[in-house]
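Listed here are the chains, written in short residue letters.
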Amino acid sequence: MRIGSIIDGIERTKSNQPAMYVKNPYNEEYVAELLPADEQDVKEAVQNSKDTFHTVMKQMPAHERADILRRAADLLEERSESFAEVIMLEAGKPIRYSRAEIDRSIQVLRFASEMTKHITGEVLPMDAAVGGSGRKGFVKREPIGVVGAITPFNFPLNLSLHKIAPALAAGNTIIYKPAEKTPVSAYKLVQLLQEAGLPNGVLNLIIGTGQETGVPLTRDDRVQKITFTGSLPVGRSIQQEAGFKKVTLELGSNSPNLIFEDADLDHVVGALVKGAFAFSGQVCISAQRIYVQRTIYEMFLDRYVQETESLNVGNPAEETTDIGPMINEKEAKRAHQWIEDAAAKGAIVQTGGSRNKTMLKPTIMTNVTSNMKVTAEEVFAPIVSVIPFETEAEAVAMANDSIYGLQAGVFTKDINRAFRTADQLETGGVWINDISTYRQDNHPYGGVKQSGIGKEGVKYALEDMTELKFIGIRLEEE
Ligand SMILES: NC(=O)C1=CN([C@@H]2O[C@H](COP(=O)(O)OP(=O)(O)OC[C@H]3O[C@@H](n4cnc5c(N)ncnc54)[C@H](O)[C@@H]3O)[C@@H](O)[C@H]2O)C=CC1
Ligand SMILES: O=C(O)[C@H](O)CS(=O)(=O)O
């Protein structure tokens, strides 16, 4: 399979750039050849998106946008197995988890379709201001224009739809720059939306590297907003390059989970095995730091190690596989090195710790300190640290000792402690009696501190992809 950028509905079949290849991270089998775009392609895509915004999108009524999104959801449901297979092949995500991603993507399209018909404004009480009597004031939401969507490899379909679906619902055009590691699902998604009735040029696809295509897209003044999900260094660079446009940044994390002595351990152990190791920890809200009250620390650790060791590690294509490969060998080596660095400083590997090519065994570490990379930075790998605490205040202080603040989990049966702790945690979201890794697609989602700027979750992304316009009238006196 060869794939190129799709601009104004037409696929580019030639490239001035060296070809790139997508390989299955588990066995290195060929998945696709890419024809990467360059800066000139990006410029043409932006001009086309700008023109299409004025000639097509501005005229398209809400009910038509809602219908396209609903038809896309129906088509994705029909083809869910083939999309799941693509994600499994290009990202190495175990097939059961790939299917779960498709189910969520369908929901995101449906939420967006429903929201399209409820983009409302307000009527202002103008006479509340001195001199305002005899005036009427209205606030309406308008689409912002061209949205640049730059996405990561780990949830290639769902995290892309968290940008594309609300942007379409709001009536914008989009330039979609998916991760070069996982562009096949992106390519299939653009084709599916075209089949659902999206006119040419409303969603332009740019296949290419961050440097060749992401940077010029970010810098282009004809783009009104960049919505980015990915790593902190790239997010920082986007913030600097974006100039005078809106920016949403969904970045990394080293999410804390706090387990108090009254928690339901039967639930907590299983939930945190999944929360730390699903998709080999390559989830930005993955449980990375687990704080356990000292009185139950040993009991939790024993059960946690035991349940982790029962995970099936292997081929992501197999139904029974829990843990597959990491995205590439470079990332697996980097993560393995972090384990070794921590061990050299006194950390103990309770289980795991070994690597074979892209396969890193689920790893639990104890005796860690806050200056080790495995706790201080985002590991984005199947590595979790378990740390004891004595008091609620100590647990909250350790959890907040991070440059990140995306989501946290708190486990307790004491409702007062649950809310007290949730109020004090410096994160964009807190789950009580669930893992930091749990996300629903309709709640506001996004970090504080260096985990990002702005919120996603269909309604919230949509709001940020519209501009408020005020229209006032001074009525003539009789
Ligand atoms: N907060 C959130 O919702 C999420 C955050 N992430 C973060 O993403 C990272 C892993 O994903 P990756 O794909 O490796 O991230 P990445 O940051 O390397 O790449 C993400 C996207 O940015 C593009 N890019 C790279 N350099 C660029 C530049 N200078 N200007 C513009 N675009 C550029 C890439 O081509 C890709 O499409 C982790 O750090 C993870 O925490 C991942 C998923 C969700
Ligand atoms: O959608 C999700 O489950 C998460 O946002 C994926 S990630 O952002 O944590 O990687």
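Everything discussed here concerns the structure shown above.
This structure is a prediction, so every number in the text was calculated from the model and none was measured.

J.: So, the site of ligand 1: which residues are in play, and what are the values?
T.: In the region of ligand 1, 29 residues are neighbours, and K177, E180, S231, L251 and E378 sit closest. Backbone polar atom of A179 to an oxygen atom of ligand 1: 3.5 Å apart, as the coordinates give it. Separating an oxygen atom of ligand 1 from a backbone N or O atom of G230 is a distance of 3.4 Å. Calculation on ligand 1 without its partners gives an accessible area of 850 Å², and the protein chains cover 89% of this total. Assessed atom by atom at 2 Å from the grid points, ligand 1 resides in the largest pocket. Where the shell around ligand 1 is concerned, the elements lending two or more residues are α7 (210–219), β11 (225–229) and α8 (232–241). Here the shell around ligand 1 is built from residues that sort into 15 nonpolar, nine polar and five charged.

J.: I'd like a description of the sheet that holds strand β6 (residues 122–124), backed by residues and values.
T.: Taken together, three strands build an open sheet; the order of strands is β6-β7-β23 and the sheet is antiparallel. Because the sheet does not close on itself, it has two edges, and the strands there are β6 and β23 (466–474). When strand polarity is set aside, the average angle formed by the axes of neighbouring strands in this sheet is 25°. Both β6 and strand β7 (residues 135–143) contribute to a ladder of three bridges, which runs antiparallel. Across the sheet, residue E122 finds its bridge partner in β7, namely V139.

J.: Give a description of the layout of surface pockets that names residues and reports values.
T.: Estimates place the volume of the largest pocket at around 1000 Å³. Taken together, 41 residues form the lining of the largest pocket, with K181, F228, G230, S231 and V234 sitting closest to its centre. Element by element, the count of residues in the lining of the largest pocket is highest for α8, at six residues. Looking at the lining of the largest pocket residue by residue, the class counts come to 19 nonpolar, twelve polar and ten charged. Looking at the second largest pocket, its volume works out to about 680 Å³. For the second largest pocket, the lining is made up of 30 residues, of which Y97, R104, F155, A278 and T437 are closest to its centre. Of all the elements in the fold, those that place two or more residues in the lining of the second largest pocket are α4 (95–116), α5 (158–170) and α9 (265–277). Looking at the lining of the second largest pocket, the element that brings in the most residues is α4, giving five residues. A class-by-class count of the residues in the lining of the second largest pocket yields 16 nonpolar, five polar and nine charged.

J.: Let's hear about helix α1 (residues 39–55): which residues, and what values?
T.: If you check α1, its first and last C-alpha atoms are 24 Å apart, about what 17 residues at 1.5 Å a residue would give, namely 24 Å. D41, V42, A45, V46, N48, S49, T52 and F53 are the residues of α1 that are buried. Angularly, the buried residues of α1 cover 170° about the axis, an arc narrow enough to put them on a single face. Elements that come into contact with the buried residues of α1 comprise β2 (6–7), β7, β8 (146–150), β9 (173–177), β10 (203–205) and α7. Capping the start of α1 is the job of one residue whose side-chain oxygen sits 3.1 Å from the backbone nitrogen of Q40: D38.

J.: Provide a residue-level description of helix α10 (residues 294–309), including the pertinent values.
T.: Between its first and last C-alpha, α10 extends 23 Å over 16 residues, near the 22 Å set by a 1.5 Å rise per residue. By the burial criterion, the buried members of α10 are I296, Y297, F300, L301, Y304, V305 and T308. On its buried side, α10 packs onto β13 (256–259), α9, β14 (289–293), β15 (348–351), β18 (363–366) and β19 (383–389).

J.: So what about the site of ligand 2? Which residues, and what values?
T.: Neighbouring residues of ligand 2: R104, N154, F155, L159, V283, C284, I285, R439 and Y445. At 2.7 Å, a side-chain N or O of N154 approaches an oxygen atom of ligand 2. In the environment of ligand 2, an oxygen atom lies 2.8 Å from a nitrogen or oxygen atom belonging to the side chain of R439. When ligand 2 sits alone it has 280 Å² of accessible area, and the protein chains cover 98% of it. Taking a 2 Å distance to the grid points as the criterion, the majority of the atoms of ligand 2 fall inside the second largest pocket. By residue class, the composition of the shell around ligand 2 is six nonpolar, one polar and two charged.

Thresholds, definitions, all that
Residues numbered from 1 in each chain as written. Chains lettered and ligands numbered in written order. Predicted model: local features only at pLDDT ≥ 70, side-chain atom pairs only at ≥ 80, totals over all residues. Heavy atoms only, no water. Near = heavy atom within 4 Å. Polar contact = N/O pair within 3.5 Å; in protein donor to acceptor, adjacent residues only side chain to side chain. Areas by Shrake-Rupley, 256 points an atom, 1.4 Å probe, with all protein chains shown as cover. 1 Å grid on protein atoms, 1.4 Å probe; cavity = no way out; pocket = protein on both sides within 12 Å on 5 of 7 lines; lining within 4 Å. Sits in = over half its atoms within 2 Å of the grid points. Helix = DSSP H or I, 4+ residues; strand = E, 2+ residues; numbered from the N terminus. Nonpolar A, V, L, I, M, F, W, Y, C, P; charged D, E, K, R; others polar. Pairing = 2+ DSSP bridges. Axes fitted to C-alpha atoms, helices over the stretch in contact; angles between N-to-C directions. Points joined across faces, edges and corners; volume = space filled by probe spheres on them. Expected span 1.5 Å × (residues − 1). Buried < 20%, exposed > 50% of the residue type's maximum accessible area, 1.4 Å probe, protein only. Arc of directions from axis to C-beta. Contact = heavy atoms within 4.5 Å.

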